[in-house]
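Residues per chain are reported as follows:
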Protein chains: 4
Amino acid sequence: MVLNTQDQFAPVLESLRSTAVARDQAGGHAGEAKEALRAAGLLRQAIPTDFGGDGQDWAAVFDTVRRVAEVDSALAHVLAFHHLQVATVLIYGRPEQQARWLTPTAREGLWWGNAMNPLDQRLVAEVVVGADGEGYALTGSKGFCSGTRGSTFMTLSAALPGSATPLLAVVATQQAGVRVGEDWNPIGQRQTDSGSVHFARVPVATADVLRRPGEPPQLRQSVRTCLGQLVLVHLYLGLAAGALAEARRHTLQHARPWLYAGVEKAADDPYRLQRLGEMHLQVQTAAVMTERAVQRMDALWRRGAALTPEQRRDTAVAIAEAKVLAHRASLAVGQDLFEVAGARATDAALGLDRFWRNARTHTLHDPVDYKLRRLGSWALHQEFPADFYN
Amino acid sequence: MVLNTQDQFAPVLESLRSTAVARDQAGGHAGEAKEALRAAGLLRQAIPTDFGGDGQDWAAVFDTVRRVAEVDSALAHVLAFHHLQVATVLIYGRPEQQARWLTPTAREGLWWGNAMNPLDQRLVAEVVVGADGEGYALTGSKGFCSGTRGSTFMTLSAALPGSATPLLAVVATQQAGVRVGEDWNPIGQRQTDSGSVHFARVPVATADVLRRPGEPPQLRQSVRTCLGQLVLVHLYLGLAAGALAEARRHTLQHARPWLYAGVEKAADDPYRLQRLGEMHLQVQTAAVMTERAVQRMDALWRRGAALTPEQRRDTAVAIAEAKVLAHRASLAVGQDLFEVAGARATDAALGLDRFWRNARTHTLHDPVDYKLRRLGSWALHQEFPADFYN
Amino acid sequence: MVLNTQDQFAPVLESLRSTAVARDQAGGHAGEAKEALRAAGLLRQAIPTDFGGDGQDWAAVFDTVRRVAEVDSALAHVLAFHHLQVATVLIYGRPEQQARWLTPTAREGLWWGNAMNPLDQRLVAEVVVGADGEGYALTGSKGFCSGTRGSTFMTLSAALPGSATPLLAVVATQQAGVRVGEDWNPIGQRQTDSGSVHFARVPVATADVLRRPGEPPQLRQSVRTCLGQLVLVHLYLGLAAGALAEARRHTLQHARPWLYAGVEKAADDPYRLQRLGEMHLQVQTAAVMTERAVQRMDALWRRGAALTPEQRRDTAVAIAEAKVLAHRASLAVGQDLFEVAGARATDAALGLDRFWRNARTHTLHDPVDYKLRRLGSWALHQEFPADFYN
Amino acid sequence: MVLNTQDQFAPVLESLRSTAVARDQAGGHAGEAKEALRAAGLLRQAIPTDFGGDGQDWAAVFDTVRRVAEVDSALAHVLAFHHLQVATVLIYGRPEQQARWLTPTAREGLWWGNAMNPLDQRLVAEVVVGADGEGYALTGSKGFCSGTRGSTFMTLSAALPGSATPLLAVVATQQAGVRVGEDWNPIGQRQTDSGSVHFARVPVATADVLRRPGEPPQLRQSVRTCLGQLVLVHLYLGLAAGALAEARRHTLQHARPWLYAGVEKAADDPYRLQRLGEMHLQVQTAAVMTERAVQRMDALWRRGAALTPEQRRDTAVAIAEAKVLAHRASLAVGQDLFEVAGARATDAALGLDRFWRNARTHTLHDPVDYKLRRLGSWALHQEFPADFYN
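Reading the values: rules and limits
Residue positions are counted from 1 within each chain, in the order its sequence is given. All chains are assigned letters beginning at A, and all ligands numbers beginning at 1, according to the order in which they are written. The predicted nature of this model means local features are confined to residues of pLDDT at least 70 and side-chain atom pairs, given and counted, to a pLDDT of 80 or more, with totals for whole chains, interfaces and linings taken over all residues. Water and hydrogen atoms play no part in the side-chain values, which are based on all heavy atoms of the structure. Each helix corresponds to a stretch of at least 4 residues labelled H or I by DSSP, and each strand to a stretch of at least 2 residues labelled E; elements are numbered beginning at the N terminus. Only C-alpha atoms enter the radius of gyration, while the globule expectation follows 2.2 Å times N to the 0.38, with N the number of residues. Relative accessible area decides the class of each residue, using a 1.4 Å probe on protein chains only: under 20% of the type maximum gives buried, over 50% gives exposed, and in between gives partly exposed. In summary, the pairing rule links any two rings of Phe, Tyr or Trp, Trp by its six-membered ring, whose centres are within 6.5 Å, and it sorts them by plane angle into stacked for under 30 degrees, edge-to-face for over 60 and tilted for everything else. Remark: a charge is flagged as sitting over a ring if the NZ atom of Lys or the CZ atom of Arg is within 6 Å of the ring centre and within 35 degrees of the ring normal. By the criterion applied in these results, polar contacts are pairs of N or O atoms within 3.5 Å in which, for protein atoms, one can donate a hydrogen and the other can accept it, and in which residues neighboring in sequence qualify only through two side-chain atoms. Contacts: residue pairs with any heavy atoms within 4.5 Å of one another. To superpose the copies, least squares is applied to the C-alpha atoms of every residue with a pLDDT of at least 70 in both. The term buried area denotes the loss of accessible surface (1.4 Å probe radius) that occurs when two parts are joined, taken as the sum for both partners. Throughout this description, the term salt bridge denotes a Lys or Arg side-chain nitrogen within 4 Å of a carboxyl oxygen of Asp or Glu. Strands were regarded as paired on the criterion that DSSP finds at least two bridges between them. To get an axis, fit a line to the C-alpha atoms, keeping to the stretch in contact for a helix; angles then go from 0 to 180 degrees between the N-to-C directions. An angle counts as roughly parallel when it lies under 35 degrees, as roughly antiparallel when it exceeds 145, as roughly perpendicular when it falls between 65 and 115, and as oblique in every other case. Left-handed describes a crossing in which the near helix is turned anticlockwise from the far one by less than a right angle; the clockwise case is right-handed. An expected span of 1.5 Å times one less than the residue number is assigned to each helix. Every residue gets a pLDDT, meaning the predictor's confidence in that residue, from 0 to 100.

Peer 1: Would you mind going over the overall build of chain A in detail, with residue names and values included?
Peer 2: Helix and strand content of chain A: ten helices and eight strands. Against the compact-globule benchmark of 21 Å for 390 residues, chain A has a radius of gyration of 22 Å, which places it among compact chains. Overall, chain A is about 80 × 50 × 40 Å in size when its C-alpha atoms are taken along their principal axes. Across the 390 residues of chain A, 64% fall into the buried class.

The following block contains the structure:
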């Protein structure tokens, strides 16, 4: 069953929305909310129908992510990272692996976590020879492991001394030797469980290896980065759209006209309307550019291994363009919503600052100025690298 | 023959580009350049094939307008206004009128001018009874009559005392009683011949009336406004894209790195790349939003009289969104091109200030703040009027 | 003893800074921190030496406020509002009243609270005749009563039915019939105790009346508004400067260069330096414009009742100019500090989002767009009203 | 006689203003306008009274420059560069040289031109021995030689092969071997005569040498850069203020309210007032920061050779801050004046685009992004170099 119609999903969103302020304040693990997403069948959206999933295209998958982000961008993050690990298995995994992991994921609604961050090289793999033949043992830590807590599986990268590229593998989260830290306490995106995970001689069988250490990266694999960046884009876009929705709601329902405005309703104030026009334009523009990027993504995805460097590049450029716009929209609308909603909107019980805090936290993932530099280089030289951040 | 392939049209564009600086400086009537556009067959682009035209959709027609605007936005304006008058005949005219006017227009390549501006109410119609029955005589003036000089026909509006809505009609430009002023001398868009036209008892036969005075406007007719706004959008977009192209050219060919930049080539300067990234993003975003608006326009146009108010509204909203972006892009890129091209780019022989001057002149057509207010009202109330400026 | 040298005051500031994050999180009443300010002698800064105060000029008083705001803008608010009530007594009070209230305030370090807000007209005065002659009884509520909790006195305004202007008076906070609500729980400026105060037939003797209901306002009295606006300006400025100080600290101590920056230290990153340059420029400009406004304020204050409307107006214009700049600087620097400090700066333990939250909450006091409209009116017509918001 | 009162100078300004549009269009040499400045006694403003000058401080000198720039920034540039060469003689010259050159300059009203640009190293000095002993012969060219045409003297720099620092000297403009090119034809600042000067074995006697080749620069000499930067700041500020004055004039006299504004006069339009508020704020802020920088400059100047590196640095920082603000104000106000003045203000006869063209041309002198980088470095490291561009 493809779950994405407004009717079916609306109660889940409304429920998330009604608890978002309290959960943002509490931080920590969002067990109940995650269960609601699982129960709604969302974990199988990106899994091919061959494995019992919904086989949705990325446009549909990310549309759900954005809608969740409009009311709770932390939960949207956890959901999107689940999809990203599913995609990782589809990109790197052999058919047997895909079937072995994704079938139960779809059938039972299992969560995936992430310990892939290649910039964090503290996790080290050691070659070991066990009863089942050669394998690896993992020792060390990984940071920013979104969604790992409460997950069944996680993807990870680990350095093997002497190898140019890291080991990529899948491990079961719930096993001896794996300890998921509860050390994620930021100013925003508080319930993403993006803390650290610690490994003490955790075994990895050859059958669970996605890419052996030293194996050269392939163009097809770099598509994972495009998906990872699209996750960010949709979270930012959802934050901006969610903040605009609150600005609209408060202007219509609660805001009062300024003493000197000369209008009877706040909704007729010329400056409020002007600001709402700016906010709308930012959200709408980011949305359209995002839609265009996702369309390129779906086309790229459908090409599978037959993708060309030009197609990969054009997709990455479109994603980068959307990302800068969505980044800015999320911060600007998160800030300006108060300008139109007015002083009463600063009541902590409403928790409307969470849009800005979530945006501010998440938009630091990679610096916007360097994204602009790349777009400038693209405009000038028609070059755009296919690296981890594009 | 549909003329729009890059190959066929490129020499015309290059020729316009090579004379643009001199013509901008000279101002006045661009007889030769207009003849080149005519000779290239552009005047029949929007005319249906039934009347011998190319029957292109608006996406194709405006694509050509934008490309002309990249090198010469004044000529692009004259060309686009020709198309707008063709559309006016298609929107308001009876089938017999359409055939009578558009067939020779397509066959002989005749120019149309504009004297429609409803805000200028100095032109007055008087009911007269002549040999051919009842008709009108027109006396007075119209301003901002783009493209009228050198045209064969013009569309016009004229007030009839006592009537709520004006007379709309077509008259031949070259006739006794019509005097086209040579009084257009602005700081930008200098060769659009947007001066005044004076009328001294110019007769209008009933057969040439598009809409009688007092006749109520119809929703279908309001589509002309959408097209008129799209003309502006494409001129702005072309100006922004043209300025970016010059910024790129000069950065690659002439610019020198700043003394303290610590790079060998201007093209590697981190701040220049950042600015180029911003400029690219503005142009690209305006282009995508414009493409979306034109797609809605073409869908609306295909509906003919069956269009709905919602479809009209959604098209107008998309056009307004694109317009604000293109407006800003044209000014910003026209200004920032110098930041990246450097001090040598201020040589008057290069005439690179024409992008900003053209944008600045043309973007005053209707105030951007009021467009934002309308978008704010749309965001808040889901209302968007179908009037002359939307 | 005039307490304002860096040496003496530095430990108080450092102490406030070290507890600011925890107190922001806790919200509520800042009893200990307020005691530290009192113990440092700050409550007598604005009180004339005749009454045992330090008799500092406004430049000195606000300089301290700004320095407190750099580390804790909520406490700075409470302190500044104390001074504002002292000023209120100096502006409205008769010499006998000034001596009676300000002498113990200076001697014993008593706090003043505020219940003056003229927009909130729920507090009603009733004429009563008691043993001491005619007086008033107050019933109703006031909102946004900053600093009232824990205060000894408060100033207030109350409507008298039928009177054009309200009663202004001083009442003792700690008395039967006065209930200070603990209902202030916003997203920023959390420890300002700006909740509501409820009055149940609280008596006001004639001797405690600052201005009788119906008495026309005088130009001299409008100076209180200038001081009130300067309080806001200095809080915004302190917030911006404090955020910049944190940006600097983290860039130098903790930030890491971006993967593709090609520099060894974050402090050498060209984009970080550019942003720091922008932030510095915003803070510095707001500071200079604020200093200029305070100088006009001190000149105005020294004129006493001899001030002219032009002098009042020029002071208000300078304050409005500084206010828009400081408003924008507080939001922009509070947001951009993360851009330079990097992702690790979002750790909730650092509480660096408090700068933006405090700025966002406080900058909604009066809408910046209307301030700009007034400055535009000033630029165009040389008019600037002397009302409650100028 | 110190000429700087509004009354005496107003007719000169009004005369410059009335011819500015025509002269901007004509370009070339502004002989008559320069004569008017000379006749008004302006050439002696910066010359000490000992030499017969007015001995004005820099605040007064630059105030006049700014006022001229409000109506004609090209003439203001020529005037300011004259003062800069006078300062060059005061900074580098021996007392005998100062008396010899500045006395006739003050008495007869002689113009000075500039051929100092150290980045242009095409002019080469050769050691020659003549009848009067050792000297130099100059051969080659210099670019951007503002004000040289029509001047009596010029300062110049010339490279001596093998010397680390160039020869600095004064030569008479009107002599065999010197040819002043008429090759200055830019899009703005058109009448500054900033073309090239060509030298063919032009002799320089030892008595006319300001600094011998190879002589190390001294801190005191670096003050010339501060003055050069202040010239730019005042031109930008004058351009911004002049554009605002035109915006005001047109809004009050000619502008018409927008169709949907719902106001009777353009001057009451809420968005126009908002924009005017922004423009006013930009001009006012740049003006105050400039005034502060000039005050530091005058204090530095009064110190003479006793200046400290810290004082030099603090002056340069203040100038850089003012420069970024004035740079931006000149472009923004030059652009936005049309937004408030309306479409009719684009009439070429009004020439209102000259503000933007002049600003755009002149603000490319050194890149604003690198100035921001330096301010960022100042904010972070408290370092600010004393080089040619600070």
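Peer 1: Any chance you could break down the packing of aromatic side chains for me, citing the residues and the numbers?
Peer 2: Applying the stated criterion across every chain yields a total of 46 aromatic pairs over all chains. Between Y271(B) and Y370(D), the aromatic rings sit 4.9 Å apart at their centres with planes inclined by 90°, giving edge-to-face as the arrangement. Remark: Y370(D) occurs in helix α10 (residues 368-381) and Y271(B) occurs in helix α7 (residues 270-303); the pair is interchain, linking two chains. We note that Y271(B), like Y370(D), is buried. Ring pairing ties together the aromatic residues W258(A), Y260(A), F388(C) and Y389(C), which thus form one cluster. The side chain of R220(A) reaches across the aromatic face of W301(A), ending 4.8 Å from its centre. One Lys or Arg, R374(C), reaches over the ring of Y260(A) and ends 4.3 Å from the middle of that ring.

Peer 1: So what about the side chain of R190(A)? Which residues, and what values?
Peer 2: Note that R190(A) resides in the loop between β6 (178-180) and β7 (197-205). Reaching out from R190(A), the side chain makes a polar contact with the backbone oxygen of D24(A) at a distance of 2.7 Å. Those residues in contact with R190(A) that sit more than four places away from it in its chain are D24(A), Q25(A), A26(A), G27(A), G28(A), A74(A), W184(A), N185(A), R357(A) and A348(C).

Peer 1: Just give me the short version of the side chain of N358(C), but keep the residues and values in it.
Peer 2: Residue and element names in this part refer to chain C. Looking at where N358 falls in the secondary structure, it is placed in helix α9 (residues 354-362). Of the residues examined, N358 reaches a relative accessible area of 7% and is grouped as buried. In contact with N358, other than residues within four places in its own chain, are S73, G188, Q189 and L239.

Peer 1: So what's going on with the relation of the copies chain C and chain A? Which residues, and what values?
Peer 2: The operation relating chain C to chain A is a screw motion whose rotation component is 180°, with 0.0 Å of axial translation and a residual RMSD of 0.0 Å. The relationship between the two copies is best expressed as a two-fold rotation axis. In this assembly the copies share their binding face: 100% of the residues contributing to the interface of chain C also contribute to that of chain A.

Peer 1: Residue-level account of the interface of chain C and chain A, with values.
Peer 2: At the interface, 43 residues of chain C touch 43 residues of chain A. Buried surface at the junction of chain C and chain A, both sides included, amounts to about 3,900 Å², of which 62% is carbon and sulfur. Considering only the surface of chain C that becomes buried against chain A, W258(C), Y260(C) and Y370(C) emerge as the three largest contributors, covering 18% of it. Here chain C is connected to chain A by four salt bridges. Salt-bridge contacts for R360(A) lead to E339(C); the nearest nitrogen and oxygen are separated by 3.0 Å. Our count for the chain C to chain A interface comes out at 18 residue pairs in polar contact (both at pLDDT 80 or more). Of all the elements in the fold, those that place two or more residues in the side of chain C that touches chain A are α7 (270-303), α8 (309-341), α9 and α10 (368-381) of chain C. If you tally residues by element for the side of chain C that touches chain A, the top one is α8(C), at seven residues.

Peer 1: Would you mind going over the pairing of strand β5 (residues 167-172) of chain C in detail, with residue names and values included?
Peer 2: All names here are of chain C. Taking burial as the measure, the six residues of β5 include five buried ones, the bulk of the element. The sheet contact formed by strand β4 (residues 153-158) and β5 spans six bridges and is antiparallel. The residue of β5 that forms the bridge with M154 is V171.

Peer 1: So, the sheet that holds strand β4 (residues 153-158) of chain D: which residues are in play, and what are the values?
Peer 2: Residue and element names in this part refer to chain D. Across the sheet, four strands lie side by side as β1-β4-β5-β8; this open sheet has mixed pairing. Strands with a single pairing partner mark the edges of an open sheet, and in this sheet they are β1 (112-115) and β8 (209-211). Within this sheet the neighbouring strands show an average axis-to-axis angle of 20°, counted without direction. Most of the contacts of helix α4 (residues 73-92) go to β1, to which it runs at about 75°, and overall it touches β1, β4, β5 (167-172) and β8.

Peer 1: Let's hear about the sheet that holds strand β5 (residues 167-172) of chain B: which residues, and what values?
Peer 2: All names here are of chain B. Read across the sheet, four strands follow the order β1-β4-β5-β8 without closing on themselves; strand pairing throughout is mixed. At either margin of the open sheet sits one strand with a lone partner, and together these are β1 (112-115) and β8 (209-211). Taking the axes of each pair of neighbouring strands and ignoring which way they run, one obtains an average angle of 20° across the sheet. On the sheet, helix α4 (residues 73-92) packs against β1, β4 (153-158), β5 and β8 and is oriented at approximately 75° with respect to β1.

Peer 1: Residues and numbers for the packing of helix α6 (residues 223-253) of chain A against helix α9 (residues 354-362) of chain A, please.
Peer 2: Residues and elements named next belong to chain A. Following both chains from N to C, one finds α6 and α9 inclined at 160°, their axes separated by 10 Å at the closest point. The orientation of α6 with respect to α9, classified from their angle, is roughly antiparallel. Crossing geometry of α6 relative to α9 is assigned as left-handed. Residues L232, L235, Y236, L239, G242, A243 and E246 of α6 lie in contact with α9, whose contacting residues are F355, N358, A359 and H362.

Peer 1: Now, about the environment of V288(B): what can you tell me, with residues and values included?
Peer 2: Turning to its location among the elements, V288(B) is positioned in helix α7. Owing to a relative accessible area of 8%, V288(B) belongs among the buried residues under this scheme. Distance in space between the C-alpha atoms of V288(B) and A322(B) is 8.4 Å, their sequence separation being 34 residues. When neighbours within four sequence positions are excluded, V288(B) is seen to be in contact with V288(A), M289(A) and R292(A).

Peer 1: Quick rundown of helix α7 (residues 270-303) of chain D? Include the residues and the values.
Peer 2: Residue and element names in this part refer to chain D. The first and last C-alpha atoms of α7 sit 50 Å apart over 34 residues, in line with the 50 Å expected at 1.5 Å per residue. Between the side-chain oxygen at the start of α7 and the backbone nitrogen of Y271 there is a gap of 2.7 Å, and the oxygen is on D269. One or two residues past the end of α7 sits G304, with phi positive at roughly 55°.

Peer 1: Could you give an account of the environment of E339(A), with specific residues and numbers?
Peer 2: Of note, E339(A) is situated in helix α8 (residues 309-341). Overall, E339(A) belongs to the buried group, its relative accessible area being 14%. In this structure, E339(A) is in contact with R272(A), R275(A), H327(C), R360(C), L364(C) and V368(C), ignoring residues within four places of it in sequence. Only 2.8 Å separates the side chain of E339(A) from the side chain of R360(C), close enough to count as a polar contact.

Peer 1: Give a detailed account of the confidence of the model for chain A, specifying residues and quantitative values.
Peer 2: Residues and elements named next belong to chain A. In this model, chain A carries a mean pLDDT of 95, and residues with pLDDT of at least 70 account for 98%. Low pLDDT, under 50, characterises residues 1-5; the predicted model gives this stretch 19 contacts beyond four residues in sequence or across chains. Prediction confidence for the complex, expressed as pTM and ipTM, is 0.96 and 0.95 respectively.

Peer 1: How would you explain the pairing of strand β2 (residues 124-130) of chain A if you had to name every residue and give the values?
Peer 2: Sheet faces and side chains relate simply in a regular strand, where the side chains alternate between the two faces. Residues and elements named next belong to chain A. Pairing analysis gives seven bridges linking β2 to strand β3 (residues 133-142), with the strands arranged antiparallel. In the strand pairing of β3, V129 is matched with E134. What sits between the antiparallel neighbours β2 and β3 is a turn of two residues.

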